[in-house]
Amino acid sequence: MQDEDYMRQLSFGNDSALDTLVFRYHKLLYGYAYRLLQDEKLAEDIVQETFLKIYQQGKKGYVPDQFKPWMYKIATNSCKDYWRKASTQREHVTDKGEERIAEIHSIIDRQVERKWMIESLNQLSFEYRSVLYLRFYQDLKYAEIALTLDIPVNTVKGRMARGLKYLEGILIEDDRKGAGANE
Amino acid sequence: MSEDQELSRLEKQWKNRFERYTSPEPTTEQTFRLLARIKETEETKPADLRAELEAAQSAQSAASKLAGLFLAQWNFYGLRSWMLTGIVMLLLTVMINAGTGSEMSGLLAWMKGGSLVMIAVMGYAFRSRNKGNDIIEVLSYYSLTHQMFARFIIVMALQVAITLPLSFLILGGESSVSYVLGSFMPIFFFGTVGFTSAMWLGHRAGVMVTLFVWLSQMLLDRGGKTLSMFQLPWNEHVIGMTVGMTGLAGLLLGSVLLKNNLKRDFK
């Protein structure tokens with residue numbers, strides 16, 4: 001059964017439809033919120049808030065045309081609300097200087113490379129990160145990302161290409177710094 | 001290579017790297033606990049917050065509802081955004097006037113440029129913005145028509161505040177109420193066209209239609225001067241054109257009202 005069918009079930013008062021949706025998307029949604037917020041507790045709160053809104057809307061009889069983009073839109077907006085309330089939104093992480101260079105210098109195991117990936121991604125603005133996360137981790141199609149973020153499909157493609165180019169730039173720059181440190 | 005192929009190539013190239021950014025995964029027990037929490041929250045929720053908000057806002061006076069509507073629209077884009085809009089309007093208006101020679105051609109250029117600035121600002125002010133759930137909750141109390149109309153009024157008020165003092169400078173000794181009104185009418189008219197077409201056709205199509213009307217007026221201005229909306233205050237057709245524009249603007253605004261009523265009746 002499709003997600004939208006479960007929402008319809010929910011609108012008919014069948015609460016167990018929520019169980020299916022939660023089991024289907026808990027991990028995925030948690031991963032999305034965690035990558036955006038980088039805090040396990042906050043990610044949990046955002047996930048709970050998102051599913052609660054889905055539950056409430058479903059009980060009111062609302063059935064979205066496409067469930068996934070709608071769900072990610074609620075989660076994205078909840079993250080934005082959090083940043084706005086806490087005034088902790090940082091579009092760019094400041095340069096962490098020597099410490100980071102030293103870490104990247106020793107990219108040998110997966111853990112360090114994971115850290116590099118996180119730091120590199122954090123240097124991108126939210127606009128790029130959200131598109132990349134929705135594509136690579138949530139496996140959303142470009143049209144679905146466009147619906148989630150309320151932007152045209154071409155903008156999604158543009159942000160995708162530019163985001164990856166920026167990441168490539170960061171990689172080259174870090175490699176250059178790493179090579180310099182070896183000399 | 002097409003854009004899609006290039007994107008697909010880039011995606012393949014980056015897939016492995018992205019996979020390294022793993023995230024913790026909730027266990028099945030955590031999912032069960034989450035479900036229990038959601039249902040518990042919903043059951044123990046004291047009241048429907050949305051209904052409470054609506055009830056509180058319904059209890060407000062008409063004046064405070066109106067103030068709330070304008071405040072919500074102002075806050076939605078933020079003071080900086082509106083101030084920047086005003087500054088751009090002011091700069092462009094001054095530049096248009098400064099770039100022309102005689103008083104007569106200066107006034108005409110100012111009217112044309114001012115109305116074009118109006119179209120651009122309407123397009124900018126009517127853009128959609130996604131700024132989180134909280135503000136959407138606040139705004140959703142008001143209908144889209146009300147919100148758009150509030151933005152239209154804010155833009156018009158900004159334009160009046162900027163162009164009124166400037167018009168006295170531009171018109172100099174010739175200034176009078178009818179002159180100021182006559183020179184402001186095209187700006188008001190294009191603002192109304194922008195608002196109405198955005199309400200009927202959506203934001204982008206609205207801007208395109210308004211630009212089309214503006215360009216057709218530029219062409220008419222070159223050909224048959226009598227049909228042009230850009231009439232100098234001392235022209236013989238200025239009163240007729242001003243009345244025509246006011247009537248047309250009234251009809252257009254009425255059509256939005258009609259659309260709104262029809263929609264409500266349909267619901």
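Residue indices begin from 1 for each chain and proceed along its sequence in written order. As a convention, the first chain written is A and the first ligand written is 1, with the rest following in written order. This being a predicted model, a pLDDT of at least 70 is required before a residue's local features are given, and a value of 80 or more before pairs of side-chain atoms are given or counted; all residues contribute to the totals for chains, interfaces and linings.

### Details of the overall build of chain A
Stage number 1. Scanning chain A from terminus to terminus reveals nine helices and zero strands.
Stage number 2. Think of it this way: any DSSP run of H or I at least four residues long counts as a helix, any run of E at least two long counts as a strand, and we number them from the N terminus. When the helices and strands of chain A are read in sequence order from the N terminus, they spell out α-α-α-α-α-α-α-α-α.
Stage number 3. Counting across all 183 residues of chain A, residues that qualify as buried make up 36%.
Stage number 4. What counts as a contact is two residues whose backbone-derived C-beta atoms lie within 7 Å of each other. At a minimum sequence separation of 6, the contacts of chain A that also span at least 24 residues come to 65%. Neighbour density around each residue's C-beta defines its exposure: 20 or more other C-beta atoms within 10 Å make it buried, 12 or fewer make it exposed, and counts between make it partly exposed, where C-beta atoms are placed from the backbone.

### Some words on the overall build of chain B
Stage number 1. Along its length, chain B carries ten helices and zero strands.
Stage number 2. For chain B, the proportion of its 267 residues judged to be buried stands at 22%.
Stage number 3. Across chain B, every contact between residues at least 6 apart in sequence was considered, and the portion connecting residues at least 24 apart equals 71%.

### So, the interface of chain A and chain B
Stage number 1. Of the residues lining the interface, 33 residues belong to chain A; the matching set on chain B comes to 27 residues.
Stage number 2. At the level of secondary structure, the elements contributing two or more residues to the side of chain A that touches chain B comprise helix H2 (16-37), helix H3 (40-60), helix H4 (67-86), helix H6 (110-122) and helix H9 (153-182) of chain A.
Stage number 3. Broken down by element, the residue count for the side of chain A that touches chain B peaks at nine residues, all from H2 of chain A.
Stage number 4. Put simply, Ala, Val, Leu, Ile, Met, Phe, Trp, Tyr, Cys and Pro go in the nonpolar bin, Asp, Glu, Lys and Arg in the charged bin, and everything else, Gly too, in the polar bin. A class-by-class count of the residues in the side of chain A that touches chain B yields 15 nonpolar, six polar and twelve charged.

### Some details on helix H8 (residues 142-149) of chain A
All names here are of chain A.
Stage number 1. A large share of H8 lies buried, amounting to six of its eight residues.
Stage number 2. Buried within H8 are the following residues: Glu144, Ile145, Ala146, Leu147, Thr148 and Leu149.
Stage number 3. Backbone geometry just downstream of H8 places Asp150 in the positive-phi region, at approximately 60°.

### Let's talk about the packing of helix H7 (residues 126-136) of chain A against H8 of chain A
Geometrically, a packed helix pair is captured by the angle between its two axes and the distance between the axes.
Residues and elements named next belong to chain A.
Stage number 1. Where H7 contacts H8, the two axes come as close as 10 Å, and the packing angle between them is 135°. One way to sum up the angle between H7 and H8 is to call them oblique. In this structure, the crossing between H7 and H8 has a hand that is right-handed. Each of Ser130, Val131, Leu134 and Arg135 in H7 lies in contact with H8, whose residues at this interface are Ile145, Thr148 and Leu149.
Stage number 2. Here the contact of H7 with H8 is built from residues that sort into four nonpolar, two polar and one charged. Between N-to-C directions, angles cover 0 to 180 degrees, with each direction set by a line fitted to C-alpha atoms, over the stretch in contact for helices. The labels follow the angle: roughly parallel below 35 degrees, roughly antiparallel above 145, roughly perpendicular from 65 to 115, and oblique for the rest. Note on convention: the crossing is left-handed when the near helix lies turned anticlockwise from the far helix by less than a right angle, right-handed when the turn is clockwise.

### A few points about the packing of H2 of chain A against H3 of chain A
Residues and elements named next belong to chain A.
Stage number 1. Running from N to C, H2 and H3 cross one another at 140°; their axes reach a closest spacing of 8 Å. In terms of orientation, H2 and H3 fall into the oblique class. Taken as a pair, H2 and H3 cross one another with a handedness that is right-handed. On H3, the residues that touch Leu18, Leu21, Val22, His26, Leu29, Tyr30, Ala33, Tyr34 and Leu37 of H2 are Glu40, Leu42, Ala43, Ile46, Val47, Thr50, Phe51, Ile54, Tyr55 and Gly58.

### Considerations on the confidence of the model for chain A
All names here are of chain A.
Stage number 1. Averaged over every residue, the pLDDT of chain A is 81; residues scoring 70 or more account for 80%.
Stage number 2. Segment residues 88-108 is flagged for pLDDT under 50; beyond a separation of four residues in sequence, or across chains, it makes 23 contacts in the model.
Stage number 3. For every residue, the predictor states its confidence as a pLDDT score lying anywhere from 0 to 100. Confidence drops under a pLDDT of 50 for residues 179-183, and excluding neighbours within four residues, the segment shows two contacts in the predicted structure.

### Notes on unusual backbone geometry
Residues and elements named next belong to chain A.
Stage number 1. With a phi close to 55°, Gln38 is a non-glycine residue in the positive phi region.
Stage number 2. By the secondary structure assignment, Gln38 is in the loop between H2 and H3.
Stage number 3. The class for Gln38 is partly exposed, based on 13 C-beta atoms found within 10 Å.

### Brief notes about the nonpolar core
Stage number 1. Defined on buried residues, the nonpolar core groups Ala, Val, Leu, Ile, Met, Phe, Trp, Tyr and Cys residues joined through C-beta atoms within 7 Å. Membership of the largest hydrophobic core comes to 46 residues, with the highest contact counts inside it found for Leu29, Ala33, Val47, Met71 and Ala75 of chain A.
Stage number 2. Among the elements of the structure, helix H1 (3-11), H2, H3, H4, H7, H8 and H9 of chain A together with helix H2 (28-44) of chain B are those that each provide at least two residues to this core.
Stage number 3. At eleven residues, H2 of chain A tops the list of elements feeding residues into this core.
Stage number 4. Marked domain ranges trace back to an automatic or database domain assignment. Counting only domains with at least three residues in this core, you end up with domain 1 (3-86) and domain 2 (97-182) of chain A.
Stage number 5. When residues no more than four places from it in sequence are discounted, the contact partners of Ala75 of chain A are Leu29, Tyr32, Ala33, Ile46 and Thr50 of chain A.

### Considerations on the environment of Pro186 of chain B
Residues and elements named next belong to chain B.
Stage number 1. Inspection of the secondary structure assignment puts Pro186 in helix H8 (residues 177-201).
Stage number 2. Overall, the presence of 23 C-beta atoms within 10 Å leaves Pro186 in the buried class.
Stage number 3. The sequence separation of Pro186 and Lys112 amounts to 74 residues, and the corresponding C-alpha distance is 8.0 Å.
Stage number 4. Residues within four places of Pro186 in sequence aside, it is in contact with Met111, Ser115, Met229 and Phe230.

### Concerning H3 of chain A
Stage number 1. Here, expected helix span is obtained from the residue count minus one, scaled by 1.5 Å. Its 21 residues place the ends of H3 of chain A 30 Å apart at the C-alpha level, agreeing with the 30 Å of an ideal helix rising 1.5 Å per residue.
Stage number 2. One or two residues past the end of H3 of chain A sits Gly61 of chain A, with phi positive at roughly 105°.

### Details of the confidence of the model for chain B
All names here are of chain B.
Stage number 1. Across chain B, the average pLDDT comes to 74, with 64% of residues at 70 or higher.
Stage number 2. Of all helices and strands in chain B, the one with the weakest mean pLDDT is helix H6 (residues 133-139) (52), whereas H2 scores best (86).
Stage number 3. Taken together, the chains of this predicted complex give a pTM of 0.50 and an interface ipTM of 0.74.

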